[in-house]
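# Architecture and fold: a report
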Amino acid sequence: MIKEFLEKYGLVEVQEFAVAVSGGADSLALVLMMQEELAPLGKKIVALTVDHKLRGESTAEALYVGRIMNAYQIEHHILTWNGEKPKNGIEEAAREARYDLLADWCLENKVKVVAIAHQALDQAETFFMRLQRGSGLDGLCGMRAVTQRNGLILIRPLLSILPEDLKKYLYNRQIEWVEDPSNQCDDFLRVRVRKFMPQIEESLGITPQRLVETMKVLQSTLDYVQHRVNQYIKNHVRFWGGAGVSFSEKNLGELHEELLFRILGTLLYQQGKAKYKPESAELHRLMMRLKEDDFVSCTLGGCEIIKKYGQIWIVPELKIKNKPSKKDWEDFCNLHPKYKKLKIPYKLRLSLLKLVPIYK
C-alpha cells in the first residue's frame, strides 16, 4: 500500500522518511507499515514523537513509543514543546507547535518528507467540521494526500483507511497503543463530530468511505479551478523581480468573480509570505473596494494593494526607517535602465530599492 502511494505521487526516489508518531493506533500502524514495506528497499524510516507536556503522562507515552521503535529497529527522537502554554486555543497552538518542531528537526537533518497518520475517519470528521464553519470548496476538500508546509513535503498515505483496520493491523502484531483522553473530551468540536458520525451512518448511510470519495471529487474540481488561476497568473501577471506583482485593472470587470477571488488570494499569499491565505470575507471586501472609482490603496495579508496607472499592484508591506532619496532611485535606474521610463508606484520603487545593495 505504501509503495503504491509513493509511486502515485512521484515519491519513489525519496530515500528517507520521517513519521510523526504519537503512540496512538493510527501513527503506530503507519510507521510500522512504512518500515515493513520500505526498509527492504533500502529506505530509512525515522519516528518523531512530539511531547507537548500538556498531560502528566505524555513523557511516559513518548518513551513507550521509543521502546516499540527500538524493538523494530526504527530510529526514534522525542521533540519537546517547552515553555508556557496558552490558556486559550490550546488545540490550535499545539498543532502549530507540533508542525514547527517536526519541521525544525527535519530541516536540520535534511529529511524532506514527513508522513502523517490521518485516516478516513479523520477526513470525514474534517468535512463536517468545515461544513459547520461554513467553508467553501477549499475547506470541504479536506486534507490532501500530499501537501507542502514549512519547507517540507507532508504525506498522508492512510486517508482511505478506516481506523478499525489500523487497530487490527496492530492487534495481529500484539502491539498496544495509547488512547489519548482528549479524544473523549466534548470540549473539542472534532470529538463531538466523531460521536455523531455513527448516527449519520445509521440514519443516512453516509459512511466515512463515502465522504472520502466525495471529497476526492471536490479536490478534482478545485485542482481544475487552481489550474485556471495558475494559467492566468502565468500569462497576465507581471512579476517585478521579487518586489511585487501587477496586472491590468481591466481584469476587475472581465474575470469571473471566483477566478478573481482566487487570483487575489494566491498573489497575496505568495507576496505576503503568510502561513495562510487571507480569509474569504476579507478577500471579498477587497474585490468590492478595488472596483470603487475612488479606491487608492489598502493593506491585507502582509501586502499593500494599490490601484494606479491602470494596474493593480501588490507589494509586500515594508518597514523602512530611512526613506530612500531621489538619488537612490536614479542610481538604481542606472544599474537597471529598463525602469527609467516605467510608471510604477512609489511603494514598488521602495520594494525594488530594498532588493539592491545601493539601498542602506
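Use the structure listed above.
Bear in mind the structure is a predicted one, so any value in this text is a computation, not a measurement.

Cut-offs and rules
- Residues numbered from 1 in each chain as written.
- Predicted model: local features only at pLDDT ≥ 70, side-chain atom pairs only at ≥ 80, totals over all residues.
- Heavy atoms only, no water.
- Helix = DSSP H or I, 4+ residues; strand = E, 2+ residues; numbered from the N terminus.
- Buried < 20%, exposed > 50% of the residue type's maximum accessible area, 1.4 Å probe, protein only.
- Contact = heavy atoms within 4.5 Å.
- Areas by Shrake-Rupley, 256 points an atom, 1.4 Å probe, with all protein chains shown as cover.
- Lys, Arg positive; Asp, Glu negative; His and termini not counted.
- Charge placed at Lys NZ, Arg CZ, Asp CG, Glu CD.
- Axes fitted to C-alpha atoms, helices over the stretch in contact; angles between N-to-C directions.
- Parallel < 35°, antiparallel > 145°, perpendicular 65-115°, else oblique.
- Left-handed = near helix turned anticlockwise from the far one by under 90°.
- Nonpolar A, V, L, I, M, F, W, Y, C, P; charged D, E, K, R; others polar.
- Pairing = 2+ DSSP bridges.
- Right-handed = clockwise from strand over helix to strand, strands pointing away.
- Arc of directions from axis to C-beta.
- Phe/Tyr/Trp six-rings, centres within 6.5 Å; stacked < 30°, edge-to-face > 60°.
- Lys NZ or Arg CZ within 6 Å of the ring centre and 35° of its normal.

A few words now on the overall build of the protein chain. In terms of helices and strands, the protein chain carries 14 helices and 11 strands. C-alpha atoms of the protein chain, sized along the principal axes, occupy 75 × 50 × 45 Å. Counting every position in the protein chain, which comprises 360 residues, the buried fraction comes to 44%. Within the protein chain, contacts between residues at least 6 apart in sequence are counted, and of these 67% link residues at least 24 apart. Of the roughly 20300 Å² of accessible surface on the protein chain, 51% is carried by carbon and sulfur atoms. One finds the centroid of the 53 positive side-chain charges in the protein chain at a distance of 9 Å from the centroid of its 46 negative side-chain charges.

So, on to the packing of helix H9 (residues 208-236) against helix H11 (residues 257-272). Here H9 crosses H11 at 70 degrees, and the two axes come no closer than 10 Å. It follows that H9 is roughly perpendicular to H11 by the angle criterion. Considering the relative orientation of H9 and H11, their crossing is right-handed. Across the interface between the two elements, Leu222, Val225, Gln226, Arg228, Val229, Tyr232 and Ile233 from H9 touch Leu259, Arg262, Ile263, Thr266 and Leu267 from H11.

Quick look at the packing of helix H13 (residues 326-335) against helix H14 (residues 346-354) now. Interaxial distance between H13 and H14 falls to 11 Å at its minimum, and their mutual angle equals 65 degrees. Judged on the interaxial angle alone, H14 and H13 are roughly perpendicular. In the crossing of H13 with H14, the sense of the turn from one axis to the other is left-handed. Residues Asp328, Trp329 and Phe332 of H13 lie in contact with H14, whose contacting residues are Arg349, Leu352 and Leu353. Classifying every residue of the contact of H13 with H14 gives 4 nonpolar, no polar and 2 charged.

All right, on to the pairing of strand S3 (residues 75-80) then. In this structure, strand S2 (residues 44-51) lies alongside S3, joined through 6 bridges in parallel fashion. Bridge pairing in S3 places Val46 opposite Glu75. The β-α-β motif built from S2, the intervening helix H3 (residues 58-71) and the parallel element S3 has right-handed crossover chirality.

On to the sheet that holds S3, then. The strand order S3-S2-S1-S4-S6-S5 describes an open sheet built from 6 strands, whose pairing is mixed. Across the chains shown, the open sheet's two edge strands, defined by having one partner strand only, are S3 and strand S5 (146-149). Across the sheet, the mean angle separating the axes of adjacent strands is 30 degrees when strand polarity is ignored. Across 3 bridges, the pairing between strand S4 (residues 113-115) and strand S6 (residues 152-155) is parallel. Within S6, the residue paired with Val114 across the bridge is Leu154. Across the face of the sheet, H3 comes into contact with S2 and S3 while running at roughly 165 degrees to S3. Contacting strand S1 (16-20), S2, S3, S4, S5 and S6, helix H4 (residues 90-108) runs over the sheet at an angle of about 140 degrees to S2.

Residues Pro163, Leu166, Tyr169 and Leu170 constitute the buried set of helix H7 (residues 163-172). Down the axis of H7, the sector holding all buried residues measures 115 degrees, keeping them to one side. Turned more than 90 degrees away from the buried face of H7, the exposed residues are Lys168, Tyr171 and Asn172. Of the surrounding elements, those touching the buried residues of H7 are helix H2 (25-38) and helix H5 (120-132).

As a further point, take the packing of aromatic side chains. Within this structure, the stated rule accounts for 6 aromatic pairs. When the ring of Trp240 is compared with that of Trp313, the centres are 5.7 Å apart and the planes differ by 40 degrees; the resulting orientation is tilted. Of the two residues, Trp240 is situated in the loop between strand S7 (238-239) and strand S8 (245-248) and Trp313 in strand S11 (residues 311-316); the sequence distance between them amounts to 73 residues. Residue Trp240 is classed as buried on the basis of its relative accessible area, which comes to 3%. Judged by its relative accessible area of 2%, Trp313 is buried. Taken together, the ring pairs connect Trp240, Trp313, Trp329, Phe332 and Tyr339 into an aromatic cluster. The ring of Tyr169 has Arg173 lying over it, and the distance from NZ or CZ to the ring centre is 3.6 Å.

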